[in-house]
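Survey of secondary and tertiary structure
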Amino acid sequence: MFHPVLAEMTDSAGLQFVSPYAFEAMQKVDVVRLAALSGPELRLLLPCLVRMALCAPADQSQSWAEDKKQILRLLSGVEAVNSIVALLSVDFHALEQDARKEQQLRHKAGGSNGESILVSQLQHGLTLEFEHSDPLRRLRLTLSELLAIMNKVADSNGEFFLKSSELFESPVYLEEVADVLCILQAELPSLLPIVDVAEALLHVRNGDWFLCLLVANVPDSFNEVCRGLIKNGERQDEESIGGRRRTEALRQLCQMNPSQALNIRAMVVEECHLPGLGVALTLDYKPDTADEAVSPLVSYVSGLLLGTNTKVRTWFSMFIRNGQQRKRESSSVLWQMRRQLLLELVAILPRSCSSRVPNDSNMEDSSSGYSGLREEHVVKASALLRLYCALMGIAGLRPTDEEAEQLLQLMTSRPPATPAGVRFVSLSFCKLLAFPTLVSTPEQEQLMVIWLSWMIKEEEYFESAAGVSASFGEMLLLVAMYFHSNQLTSIIELVCATLGMKIAIKPSSLSKMKTIFTQEIFTEQVVTAHAVRVAVTNNLSANITGFLPIHCIYQLLRSRAFTKHKVSIKDWIYHQLCETTTPLHTQLLPLIDAYINSILTPASKANPEATNQPITEQEILNVFQSSAAGGEGGRGGRQGYSITSQLLILYYILTYEENLLASTKQLALMQKKPKSYSAALMDQIPIKYLVTRAHGLQQELGVLHAALLRLLATNYPHLCLVEDWMCEEEVTGTLPLLRRTILDKDTCRYTQSQLHQAFQKLPSSSPRLMRILDHLTLSPSDLISYAEPLTASMGLLLESTVPRPRRILQTLNKLWLGLNTVMPRRLWVMTVNALQPSAKGLIQQKYSQNDLMVDPLIVLRCDPRVYRCPPLMDIVLHMLNGYLLASKAYLQCHMKETAEFDRQSQTISNLGLTGQPDTPEVTREELKNALLAAQDSAAVQLLLEVCLPTSSEQQQLGAGNTESLLQSMRAPPGKWKTPGARPEVLVADEEMEVVGGGEEEEGGLLSNLREVQCLICCLLHQMFIADPNIAKLVHFQGYPQALLPLTVAGIPSIHICLDFIPELLAQPQLEKQIFAIQLLSHLCTQYALPKSISVARLAISVMGTLLTVLTRAKRFTFFMPTLPCLVAFCQAFPPLYDDVAALLVQVGQVCASDVASKARDIDPIITRLQYLKAKPQDVLLPGGDSSKQSVPQRTTEELGGTDPDVQLCYRVEATFMDIISSSLHGI
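So, here's what we can say about the structure. (Residues numbered from 1 in each chain as written. Predicted model: local features only at pLDDT ≥ 70, side-chain atom pairs only at ≥ 80, totals over all residues. Heavy atoms only, no water.)

1. Comments concerning the side chain of Q587
Here Q587 lies in the loop between α31 (570-578) and α32 (588-600). We classify Q587 as buried; its relative accessible area is 14%. Beyond its immediate stretch of four places on either side in the chain, Q587 contacts I550, H551 and Y554. (Helix = DSSP H or I, 4+ residues; strand = E, 2+ residues; numbered from the N terminus. Buried < 20%, exposed > 50% of the residue type's maximum accessible area, 1.4 Å probe, protein only. Contact = heavy atoms within 4.5 Å.)

The following block contains the structure:
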């Protein structure tokens, strides 16, 4: 609380103000307290008390009646009460009328003091008139004078003036005038608003005293008056007399009502007016319970300068700057504040500290005269340091010599080893860097050097004793490294971040500190050697703030200090990566990147061996030797490393390999080839499992998850298949998770050996096997232990003696896909080896991951029975697609690894020889692309071959069933889904067939062959979309014509063939031209597009051209298979009928002329063709059927015996009739 103070202003000297006790009694109408007041104190409150006693109360309660009696008894002995009662007896209504008339008169007169309605001509001075007047005239005199002041204030436009008024200055009549003033304001509130009256009182002498009495007699108006005065106040109160008077008046009001002082201070900050008042109120404030940590003044000023409100910060900073421009005045609030802060600073300084530095420079021991800072003062000392930093750096305070000396003594004091002590040392160190001008004499510089040496020695003890991970030792190292690398801007950022404020520090001001650091305290070699010995941060995460060893190591790596001084940092980085947890610390990824750069790039060209050592393969394997890493090669073991450490090591390996490939050219020029990590190591790292885990920790891992995905997509594209991500949602999504949560815990009651036995005892164990597979509804990571028996027993399901319900195979397929989300690479190798064909007496070859990447087609060298087992075929196709992508990445990596070194060796070998240039890189690229294209096209051709039915299937399916695939796939929309659908959605009833039997329902589409064809078409569709050149290459190679209906109907992306069919038609090989026209006929039927009709016109034109250039034998070979394609052209595009008819007539004429030249007697076919072309509608029979029966029919034997031209003539006629028939049926 505020102690009662009888404040004395220059114009209120000797006057008694209302005490806080009296004001509180008035506020609460506490009769007991009022009765305890002395006579002089009670005299000040008489106007309110008399009105309270005489006026009719709103409170009619008995208690108030008793209180009112007490007040009357209290007033009965006071003589001045009579005069106040007389004042209350006048006609205030008439008085108000006169006052308003006078205001109007003055307004018309322009504010000049002319005639007054309230007061007639005065015979004597205002004071004498007041003395000899009756109560009414006293009221009129005071009201006239007050209205005159108020009018002048309104007309002053904010300029302050001091009105000389005899009435308000005479000490004899002050109390009577105050009584009149209070009665007037109480009885005429609309004429005299209390805020306006308060504003007017600031312009007369003793105004603050009158104001306090006025507010004390109307205690409810306290906040209203204060807010009004603050709003009308100056932004900088100490700049003018008016501002200082306003501040003192408000200060007196707050001393009268100390409970509201902090609220008034808050109003000051809110309005950004009267900064001196806020400081003055803080200086006056004396809390009931003293806070030992931080004083109210430090808290208040720190809040203004370090808060988030820029407007407040600028406003208060201007107060500090302007206050320094005036001469030092003891009455200035700013100097009072500075004096108080200095007293608080001196009070917490260690007693034995002095500005004199002893000659003995060994001052580490406390016996040297440097006693430490007391523990209870550490927090207060830190707050004071931050405040002085804000005052000097933000507000521009220029410390006096005394302030600078005491500040340096505080900064170089030695706190106890506590977290607060660590914080204090960090702040002191940063303040030295921010304001090096505090060190001005050699003695002070010596003191600073000794203190810095003490910091270096005690850093390790402080860290262990205080129990904090971020000590000031790391900051010292970091600053030293920045000085050595001349990164002064980084030092400034570090200082501002530690102090928690933005300070304008000139880099040139750090030159003295740079010299001390780099030459006296921290040479670069000392920095490097010291950094390696710093312990790693245990459980490093983003939750640990401050400056850590990792920051220092990172900067030293960037400056290449370790390699320059041949200091090994590998072990430190490895141990720090192993000591991490979530959330991920933001400095870890930059640290790894800088470390990798220091491994691959020498510090200088002159010394190419000056590089750091990479982490060894055994150390990497140790991180993954835990059960959490069992996904793709982990062998189980201790739970020693967190998922964060494993992900960071994975990021290190992938980034290292990527940067190694990117730096091949530079490394080759330096004849340096760093070691790459072996494929065996990569096979044992559960890459997909770790990335899946990272997907669920995206919030905690920050940018690491995105970085891993980028590296994975670049280096391991086969682990980033879109289909895999979609399947992963089905396996690891919300519904599977709920299912695993709700189901009984005994879902895992079956062991791996039981699963293996169930497979071995087929077919008798089929029901048991189905139960086991159904109960394996585990999370993918829990399913890892079952991978071996699941994959090893796949071949048993292909045995002809084993009945294989579709449900078992589909369940196996789902389990395989679940495992594929966590251990794809290892699973693929196991599956490929398990599905190899079994040959009696031969040992099956076991393929490795590298074998399959070099030759992905090994995947298709599986047991032929897999080709008619859709669930297993789906798995094979999935692996084939993955290994094709893996092979591309493998070859690209291999080419980058060897290209530059091969070129370098070639250059050396050709040195001095002419005519032997280096192997062109473009040739290597073309060879790689050719190999990949051949690989992809071979895979496509093999898959298309699988789609062909075997001889036994052809017998079962019946003749022409494959040809009718196009129509059948269109016909039943309810049974056939999109080619990208899973096989299980293609079958209406999964128990309808036995997988190995190859049986289908009569007339239906449900067969193993059809389902396998659909799966293959789905994969080919994806391959064609990914690389359209594969589609072009395959169709230039060609494939059986019987597959065209399947490929056109089952591969949606095959329409891209329309782009290159003209090029295919231009090929010299007749077979390619025939295949192009056959393919085009199916495409026109499937895709009746504008582009299709233009290509069809081109094909007809090419056929007409070829008719004129082909020999007789080639003509027969070409036109016999292509003429039926014209039917499809006309059916898809009727406008082509005229061109097709002309071509057919032309072909018929050529063939007939050849026949006629041999004098062969044949039907007059040309005449019939001309007739059919001219009048096709006349060939209809009366029954409406086509007239094919009217054409002389030839038996097969007759046609077989004729020559090619005759056969071709009849083929032309048959084509004509088919076109007419299809067009008439369409009508």
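2. Description of the nonpolar core
Residues L253 and Y652 are the most contacted members of the largest nonpolar core, which totals 379 residues. In this structure, L253 is in contact with L211, C212, V215, F222, V225, C226 and L229, ignoring residues within four places of it in sequence. (Core = buried A, V, L, I, M, F, W, Y, C linked by side-chain atoms within 4.5 Å.)

3. Considering the environment of V78
By secondary structure assignment, the location of V78 is in the loop between α5 (62-75) and α6 (80-87). With a relative accessible area of 22%, V78 lands in the partly exposed category. In the structure, V78 is positioned 39 residues away from G39 in sequence and 8.4 Å away in space, judged by C-alpha atoms. Once residues lying within four places of it in the same chain are set aside, the contact partners of V78 are L42 and L46.

4. Quick notes on the pattern of salt bridges
Using the criterion set out here, one finds 26 salt bridges in the structure. Ionic pairing is found between E402 and R339, a salt bridge with its closest N-O pair at 3.7 Å. In this pair, E402 is assigned in helix α22 (residues 401-411) and R339 in helix α20 (residues 333-348), connecting sequence segments 63 residues apart. Across the pair K570 and E619 runs a salt bridge, and its minimum N-O distance is 3.4 Å. With K570 in helix α31 and E619 in helix α33 (residues 617-624), this pair connects stretches of sequence that are 49 residues apart. With respect to class, K570 is no different from E619; both count as buried. (Salt bridge = Lys/Arg side-chain N within 4 Å of Asp/Glu carboxyl O.)

5. A word on the packing of α31 against helix α34 (residues 643-662)
Put simply, α31 and α34 touch, their axes get as near as 8 Å, and they point 135° apart. The pairing of α31 with α34 is recorded here as oblique in orientation. Taken together, the residues of α34 that come into contact with α31 (itself represented by Y574, L577 and C578) are S645, L648 and I649. Within the contact of α31 with α34, the residues separate by chemical class into five nonpolar, one polar and no charged. (Axes fitted to C-alpha atoms, helices over the stretch in contact; angles between N-to-C directions. Parallel < 35°, antiparallel > 145°, perpendicular 65-115°, else oblique. Nonpolar A, V, L, I, M, F, W, Y, C, P; charged D, E, K, R; others polar.)

6. Examining the environment of C389
Looking at the element boundaries, C389 is found in helix α21 (residues 378-393). Sequence separation between C389 and A434 is 45 residues; the distance between their C-alpha atoms is 8.2 Å.

7. Section: the packing of helix α13 (residues 207-217) against helix α15 (residues 241-256)
How two helices pack is summed up by the angle between their axes together with the distance between the axes. With their axes 10 Å apart at the nearest point, α13 and α15 run at an angle of 35° to one another. When you trace α13 past α15, the crossing you get is right-handed. Contact residues: α13 offers G207, D208, L211, C212, V215 and A216, while α15 offers R245, A249, Q252, L253 and M256. Across the contact of α13 with α15, the residue classes tally to seven nonpolar, two polar and two charged. (Left-handed = near helix turned anticlockwise from the far one by under 90°.)

8. A closer look at the packing of aromatic side chains
The geometry of an aromatic ring pair is captured by two quantities: the separation of the ring centres and the angle between the planes. Taken as a whole and judged by the stated rule, the model has 13 aromatic pairs. Members of the aromatic cluster, connected to one another through ring pairs, are Y595, Y652, Y656 and Y677. (Phe/Tyr/Trp six-rings, centres within 6.5 Å; stacked < 30°, edge-to-face > 60°.)

9. Points about the state of the cysteines
For the coordinates displayed, the defined rule picks out zero disulfides. C430 carries a free sulfur, and the closest cysteine sulfur to it, the one in C389, is 8.4 Å from it. We classify C430 as buried; its relative accessible area is 0%. (Disulfide = S-S within 2.5 Å.)

10. Points about unusual backbone geometry
Looking along the chain, the bond that leaves T582 and enters P583 is cis, with omega of -5°. Within the secondary structure, P583 is located in the loop between α31 and α32. In this model, N206 sits at a positive phi of 60°, which is unusual for a non-glycine residue. Along the chain, N206 turns up in the loop between α12 (194-201) and α13. On the basis of relative accessibility, which here comes to 6%, the residue N206 falls in the buried class.

11. Focus: a nonpolar patch on the surface
Together, F160, L162 and I241 make up a nonpolar patch on the protein surface, roughly 260 Å² of accessible area in all. Accessibility expressed as a relative area gives 52% for I241, which makes it exposed. (Patch = residues over 30% accessible without salt bridge, like charges linked within 9 Å, V, L, I, M, F, W, Y side chains within 5 Å. Areas by Shrake-Rupley, 256 points an atom, 1.4 Å probe, with all protein chains shown as cover.)

12. Some words on the environment of L49
Position of L49 among the secondary structure elements: in helix α4 (residues 46-54). For L49, a relative accessible area of 0% corresponds to the buried category. The sequence separation of L49 and I71 amounts to 22 residues, and the corresponding C-alpha distance is 7.3 Å.

None of the figures reported here should be taken as evidence of function without further support.
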